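Descriptive analysis of the structure
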Amino acid sequence: MKNNRLSTMPLPSELKLLGDGPSFQDTLCSMLMKAKGFEDLEPPELKLLAKHMKAYRVPAGATIFREGDRNSYLSVLVEGRVCVYKEDSDNEVKLISVIPPGRIFGEISVIDDLPYSASLVAESDAIILLMSRESFRQCIADNSVFGVRLLNLIAHLLCARLRSVSGQLVDYIDV
């Protein structure tokens, strides 16, 4: 059987693979336990998730994903900080957020399979975990109960972000 993990598009060459697969699974599980949202997972669930992920080292200044890219990766920032940039209507690139360690990003792309809506650049040297859209779907198919938990986690994350953004935008609304 062909291994399709992370086969969506080539990743930027600056990303260096740290590890994946059975020999690296315990390390991946340790990394996942530090991430917000995954800390309540049971060891078998962490192993299931880790089975579908790869760890990468990213040097400071490297672009992880570019706005408009068609990659689809659920990502977990283990170490370092990542800046989120977006082009405005005047084609000016603006910083919209800084992602701290332990946060999930890129989750929308594994669900809607649309291009990234922003660019992500490592502010410092970083370690990230990546799960392709194909691996995300396989992870859910491998264990439907865990799949529901994973989708619920993503739904809560998206709801929290939507509430935060609507709270920030309310002062700019003029009806």
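Here we summarise the structure given alongside this text.

The rules behind these values
The residue numbering used here restarts from 1 in each chain and proceeds along that chain's sequence as written. A pLDDT threshold of at least 70 governs which residues receive local features in this predicted model, and a stricter bar of 80 or more applies before side-chain atom pairs are shown or counted, although totals over entire chains, interfaces and linings include all residues. Side-chain numbers here rest on the full set of heavy atoms in the structure, without hydrogens or water. Cavity and pocket criteria rest on a 1 Å grid covering protein atoms alone: a 1.4 Å probe that fits but cannot get out defines a cavity, protein on both sides within 12 Å along at least 5 of 7 lines defines an open pocket, and an atom within 4 Å of a point defines a lining residue. Grid points are joined across faces, edges and corners, and a volume is the space filled by probe spheres set on the points. Where helices and strands are cited, they refer to DSSP runs of H or I of at least four residues and of E of at least two residues respectively, numbered from the N terminus. When residues are sorted by character, Ala, Val, Leu, Ile, Met, Phe, Trp, Tyr, Cys and Pro go into the nonpolar class, Asp, Glu, Lys and Arg into the charged class, and all the rest, Gly among them, into the polar class. Only strands joined by at least two bridges in the DSSP assignment are considered to pair. All axes are obtained by fitting lines to C-alpha atoms, using only the stretch in contact for helices, and the reported angles, taken between N-to-C directions, cover 0 to 180 degrees. In this description, contact between two residues means that some pair of their heavy atoms is separated by no more than 4.5 Å.

Considered as a void within the structure, the largest pocket measures approximately 1200 Å³ in volume. Lining the largest pocket are 36 residues, and of these Val 84, Ile 96, Ser 97, Arg 161 and Val 165 lie nearest its centre. Of all the secondary structure elements, the ones that give two or more residues to the lining of the largest pocket are strand 5 (82-87), strand 6 (93-99), strand 7 (104-105), helix 3 (107-112) and helix 5 (144-169). If one sorts the elements of the lining of the largest pocket by residue count, helix 5 sits on top with 11 residues. Looking at side-chain class alone, the lining of the largest pocket contains 21 nonpolar, 9 polar and 6 charged residues.

Glancing now at the sheet that holds strand 3 (residues 63-65). Strand order across the open sheet formed by 4 strands is 3-8-5-6, with antiparallel pairing between neighbours. The sheet terminates laterally at strand 3 and strand 6, the two strands that pair on one side only. Sheet twist, expressed as the average angle between the axes of neighbouring strands with direction ignored, equals 35°. Relative to strand 8 (residues 119-122), strand 5 is paired through 4 bridges, and the arrangement is antiparallel. The residue of strand 8 that forms the bridge with Val 82 is Ala 122.

Right, let's talk about the sheet that holds strand 2 (residues 54-58) for a bit. Strand order in the open sheet formed by 5 strands is 1-2-9-4-7, with antiparallel pairing between adjacent strands. Two strands bound the open sheet, and with one partner strand each, they are strand 1 (16-19) and strand 7. When strand 4 (residues 73-79) meets strand 7, the two strands line up antiparallel, connected through 2 bridges. Residue pairing across strands places Ser 75 opposite Phe 105, the latter belonging to strand 7. Set on the sheet, helix 1 (residues 25-33) makes contact with strand 2, strand 4 and strand 9 (126-132); between it and strand 9 the angle comes to about 105°.

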